[in-house]
Amino acid sequence: MMQQDFLVELGTEELPPKSLKRLAEAFLSGVEKGLQDAGLGYSAARYYAAPRRLAILVDALETQQPDRNNQMDGPPLQAAFDAEGKPTKAAEGFARKCGVAVSDLDSSGPKLRYVQSIPGQAAAQLLPGIVDSALAALPIPKRMRWGARKTEFVRPTQWLVMLQGDSIVPGEILSQTADRSSRGHRFHHPDQVRISTPASYVEQMRDAHVIADFAERREMIRARVNELAAAEQGTAIMPDDLLDEVTALVEWPVPLVCSFEERFLDVPQEALISTMQDNQKYFCLLDNAGKLLPRFITVANIESKDPAQIISGNEKVVRPRLTDAEFFFRQDKKNPLAERNTQLANVVFQAQLGSVFDKAQRVSALAEYIAAQIGGDAGRAGRAGLLSKCDLATEMVGEFPELQGIAGYYYALHDGEPEDVALALNEQYMPRGAGAELPTTLTGAAVALADKLDTLVGIFGIGMLPTGSKDPYALRRAALGVLRILIEKRLELDLIATITVAVEQYASQIKTTPDLGAQVQEFVFDRLRARYEDEGIDVAVYQSVRAVAPASPLDFDQRVQAVQHFRRLPEAEALAAANKRVSNLLSKAGTEVSTDINQTLLTEPAEQTLAKAIVEAEERVAPLATERRYSDALERLASLRGPVDGFFEQVLVNADDEQLKANRYALLAKLRGLFLGVADISLLS
């Protein structure tokens, strides 16, 4: 079958830079789906994207659909013909549906059947519809109209190129008639560019000062920015989303180094970086110590004969923004941070849960309690909790909301607060996302935990539980943050007791039902299941530990790691099955089973052997469990496999003699208790 390359390029006014890459990827996905649905084979497809264009290049596209058969099944033969062999109404209706006579239907099988041979269409007839459908399905939240037409798209369209081989594919899409005329760079090459073939597209655009390949343009910017940064003895801050956005803003990237006055470096560098990145799309430079340099890199969309003018223009634009940040910083420092709480007393945290200042007071008291439990300084944690929300009332955070916590850190240092108290004002929000940085100080960890647990208890207490994808107070993220801090920083905290303290803080503001603490605790520990699944730990391992309900997330994790290790032992499967059997027996006992074993009633050699093994194991395992050496404890318990197997092979548990039976149940309860000191391994069976 004949194959030819296919190119479609839609020219537009400047596309939204933050969504350019996503639009291009969706365009490619839509075209590929259309080709596959049409049965048109091809060897490869890729997208091109620049500020004024979206394009798809398909290599070796089949020029013709293959012929295909369309089969339709009708009524069974016994329903299609009467006793005399005449067609029934069912048969005649099926024939009409197929557009043929009954005699043209296939009656060789159990049902009437009509097989229609459909000749394949030329690709050129199908491609305009495929492209149009792909464009219509793009993820565009708000479409716009232009001129007198009713056509809608993310931006007004300007031209359309559709080529199959060296021929134009006729068609009209989004008010544009297809031809081979594209446009070059708006300033360097404003004339039309006649595309010869799809394969020549990239190089012809390059000759017209347009780097059409998004990935190539992105790499050009990244490499040149790094090169310029190194020449300034610095390192460029280049977040992926910023690099993508800058790539989407230019067709012919020319990075240039600019500067600003060193006096602005007295302002918290996070504020300067924020305004330069978010508002101006500049790449900021850091020195080897991570301090901001008075330099930034802008990416021009033109190769100027006088780049100094572009540099000067960008320096003039950024100066007022840096001046604003400087002004806010100076104004905020005029008043101590703690005084801001008076303003926060009038700011609602949540209608039923009081003001932001109320929350700060609760966080302060809870942070004191937590700090004492994890080995921190309770007084400093309480102070940090009291100051934790103060920077929300500052001019700096009002202008740069993303600096909450960071601004508080600088103002606390200015006020003479201890370093860990100042750090805690920022660390309270950690981790800010999955895998993000954790607090570095115990004071910060205490405030972060207190803040998250206070929110969890409060929102649960007023009945606003997360449902499905709705979680307006980010309770799932808060719970995951609590777990990460305690487990990854190896902090010992009784979460049940801490949640109880958090509940008491609210007094009459929430419905303090007996179930509230348990509900919050269950919600937090439920988050561990997904964490362990991501780590490749079987859900049964998680459930085996959950069954014994450790109060400490760190303890929970240590048990999970131990059980995961235990599962690899050759004895694990048999012991899990034995524990399952024991669990079933004990559950059917009907009464509470004692663990007191009467040695004189151990009449069978196998039960004597098991009793002796249990005593020896208990002596060895008890100190290991106390020290939380759970893996070592389970390895020691693995030695019980032989005695356990022998017991079940040779001893009748449900003996006729009630005393013997009760004693054997006590022996099994003792055995099960040893394992329950770590986890319920019967759930592994």
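Residues numbered from 1 in each chain as written. Predicted model: local features only at pLDDT ≥ 70, side-chain atom pairs only at ≥ 80, totals over all residues. Heavy atoms only, no water.

**Overview of the sheet that holds strand β3 (residues 53-62)**
For the record, the criterion: DSSP-based pairing: two strands are paired if at least 2 bridges between them are found. Numbering of helices and strands runs from the N terminus, with a helix taken as a DSSP run of H or I at least four residues long and a strand as a DSSP run of E at least two residues long. Contact definition: two residues touch when any of their heavy atoms are within 4.5 Å. In this analysis, axes come from line fits to C-alpha atoms, helices being fitted only over the stretch in contact, and the angle between any two N-to-C directions falls in the range 0 to 180 degrees.
Spatial strand order, β2-β3-β1-β8-β9: five strands in an open sheet with antiparallel pairing. Each of the sheet's edge strands pairs with one partner strand only, and the pair in question is β2 (44-50) and β9 (167-168). Relative to strand β8 (residues 157-164), strand β1 (residues 3-12) runs antiparallel, the two sharing seven bridges. Across the sheet, Thr12 pairs through a bridge with Thr157, a residue of β8. Against the sheet, helix α1 (residues 20-38) touches β1, β2 and β3, its axis set at about 30° to β3.

**Things to note about the sheet that holds strand β17 (residues 292-300)**
The sheet built from four strands is open, its strands ordered β14-β16-β17-β15 with antiparallel pairing. For this open sheet the edge positions go to β14 (235-236) and β15 (254-259), each flanked by a neighbour on one side alone. With two bridges connecting them, β14 and strand β16 (residues 283-286) associate as antiparallel partners. For Ala236, the partnering residue across the bridge sits in β16 and is Leu285. Sheet strands touched by helix α9 (residues 307-332): β15 and β17. Its angle to β15, the strand with the most contacts, is close to 55°.

**Focus: unusual backbone geometry**
Rule in force here: Per-residue accessibility, obtained with a 1.4 Å probe over protein chains only, is compared with the maximum for each type, and a residue is labelled buried under 20%, exposed over 50%, and partly exposed between these values.
The omega torsion across Met430 and Pro431 is -5°, close enough to zero to call that bond cis. Structurally, Pro431 is set in the loop between α15 (419-427) and α16 (442-461). Positive phi, close to 50°, is recorded for Ala474, a residue that is not glycine. Turning to its location among the elements, Ala474 is positioned in the loop between α16 and α17 (475-488). In this structure Ala474 comes out as partly exposed when scored by relative accessible area, which is 23%.

**A look at α15**
For α15, a buried count of seven out of nine residues is recorded, marking the element as mostly surrounded by other parts of the structure. All of the buried residues along α15 are Asp420, Val421, Ala422, Ala424, Leu425, Asn426 and Glu427.

**Description of the packing of aromatic side chains**
Heads up, the condition is: Geometry of aromatic contacts follows a simple scheme: Phe, Tyr and Trp rings, the Trp one being its six-membered ring, pair when their centres are within 6.5 Å, and the pair is stacked under 30 degrees between planes, edge-to-face over 60, tilted otherwise. Placement of a charge over a ring requires the Lys NZ or Arg CZ to be within 6 Å of the ring centre, with the centre-to-atom vector within 35 degrees of the ring normal.
By the definition in use, this model includes ten aromatic pairs. With a centroid separation of 5.5 Å and 80° between ring planes, the pair formed by Phe647 and Phe648 is classed as edge-to-face. Take Phe647 and Phe648: they sit in the same class, and that class is buried. Pairwise contacts between aromatic rings join Phe525, Tyr532, Tyr542 and Phe556 into one cluster. One residue, Arg263, lies across the ring of Phe264, its end atom 4.2 Å from the ring centre. Over the aromatic face of Phe523 sits the side chain of Arg527, whose NZ or CZ is 4.4 Å from the ring centroid.

**Thoughts on the nonpolar core**
The line we're drawing: Definition used in this section: a nonpolar core is a set of buried Ala, Val, Leu, Ile, Met, Phe, Trp, Tyr and Cys residues joined via side-chain atoms within 4.5 Å.
With 129 residues, the main nonpolar core has Met276, Met396 and Leu456 as its most contacted residues. Here this core gets eleven residues from one element, more than from any other, and that element is α16. Once residues within four sequence positions are removed from consideration, Met276 is found in contact with Phe260, Lys281, Tyr282, Cys284, Leu292, Phe296, Val318 and Leu322.

**Points about the environment of Phe153**
Relative to the helices and strands, Phe153 resides in strand β7 (residues 152-153). What makes Phe153 buried here is its relative accessible area of 0%. As a C-alpha pair, Phe153 and Cys98 span 55 residues in sequence and 39 Å in three-dimensional space. Look past the residues within four positions of Phe153 in its chain and what remains in contact with it is Leu10, Thr12, Leu135, Leu138, Ile140, Arg143, Met144, Trp146 and Leu174.

**Quick notes on the packing of α1 against helix α4 (residues 123-136)**
Short version of the rule: Working definition: roughly parallel below 35 degrees, roughly antiparallel above 145 degrees, roughly perpendicular at 65 to 115 degrees, and oblique for all remaining angles. By the definition used in this description, the sense in which the near helix is turned from the far one sets the handedness, with an anticlockwise turn below a right angle giving left-handed and a clockwise turn giving right-handed. Lys, Arg, Asp and Glu make up the charged group, whereas Ala, Val, Leu, Ile, Met, Phe, Trp, Tyr, Cys and Pro make up the nonpolar group; the residues left over, Gly among them, are polar.
Contact pair α1 / α4: the axes reach a minimum separation of 8 Å and the direction vectors enclose 140°. Taken together, the axes of α1 and α4 are oblique relative to one another. Crossing of α1 against α4: the hand is right-handed. Where α1 abuts α4, its residues Phe27, Gly30, Val31, Gly34, Leu35 and Ala38 lie against Leu126, Leu127, Ile130, Val131, Ala134 and Leu135. For the contact of α1 with α4, the residue count by class is ten nonpolar, two polar and no charged.

**Some remarks on the pattern of salt bridges**
Applied cut-off: The salt bridge criterion pairs a side-chain nitrogen of Lys or Arg with a carboxyl oxygen of Asp or Glu, the two atoms within 4 Å.
A complete count under the given rule lists 44 salt bridges for this structure. Between Arg224 and Glu227 there is a salt bridge whose closest N-O contact spans 2.6 Å. Taken together, the positions of Arg224 and Glu227, both in helix α6 (residues 214-231) and three residues apart, correspond to about one turn of that helix. Under the relative-accessibility criterion, Arg224 is labelled partly exposed at 32%. The salt bridge involving Arg567 is made with Asp538; its shortest N-O contact spans 3.8 Å. Highlighted residues: Arg567 in the loop between α21 (553-566) and α22 (572-587) and Asp538 in the loop between α19 (514-534) and α20 (539-546), separated in sequence by 29 residues. For Arg567, a relative accessible area of 36% puts it in the partly exposed group. The exposure class assigned to Asp538 is partly exposed, which follows from its relative accessible area of 37%.

**Brief notes about the side chain of Asp454**
This is how the line gets drawn: Distance and chemistry together define a polar contact, namely a pair of N or O atoms within 3.5 Å, with one atom able to donate a hydrogen and the other to accept it when in protein, and with adjacent residues in sequence counting only for side-chain atoms on both sides.
In this structure, Asp454 sits in helix α16. With relative accessibility at 1%, the residue Asp454 sits in the buried group. Side-chain polar atoms of Asp454 contact the side chain of Arg362, separated by 2.7 Å. Once residues lying within four places of it in the same chain are set aside, the contact partners of Asp454 are Lys359, Arg362, Val363, Leu366 and Tyr506.

**A short note on the packing of helix α11 (residues 356-374) against α16**
Relative to each other, α11 and α16 sit at 125°, their axes nearing to 8 Å. Between α11 and α16, the angle is such that the two are oblique. With respect to the hand of their crossing, α11 and α16 are arranged in right-handed fashion. Between α11 and α16, the residues in contact are Lys359, Arg362, Val363, Leu366, Ala367, Ile370, Ala371 and Ile374 and Leu442, Ala445, Ala446, Val447, Leu449, Ala450, Asp451, Leu453, Asp454 and Thr455, respectively. The residue makeup of the contact of α11 with α16, split by class, is 13 nonpolar, one polar and four charged.

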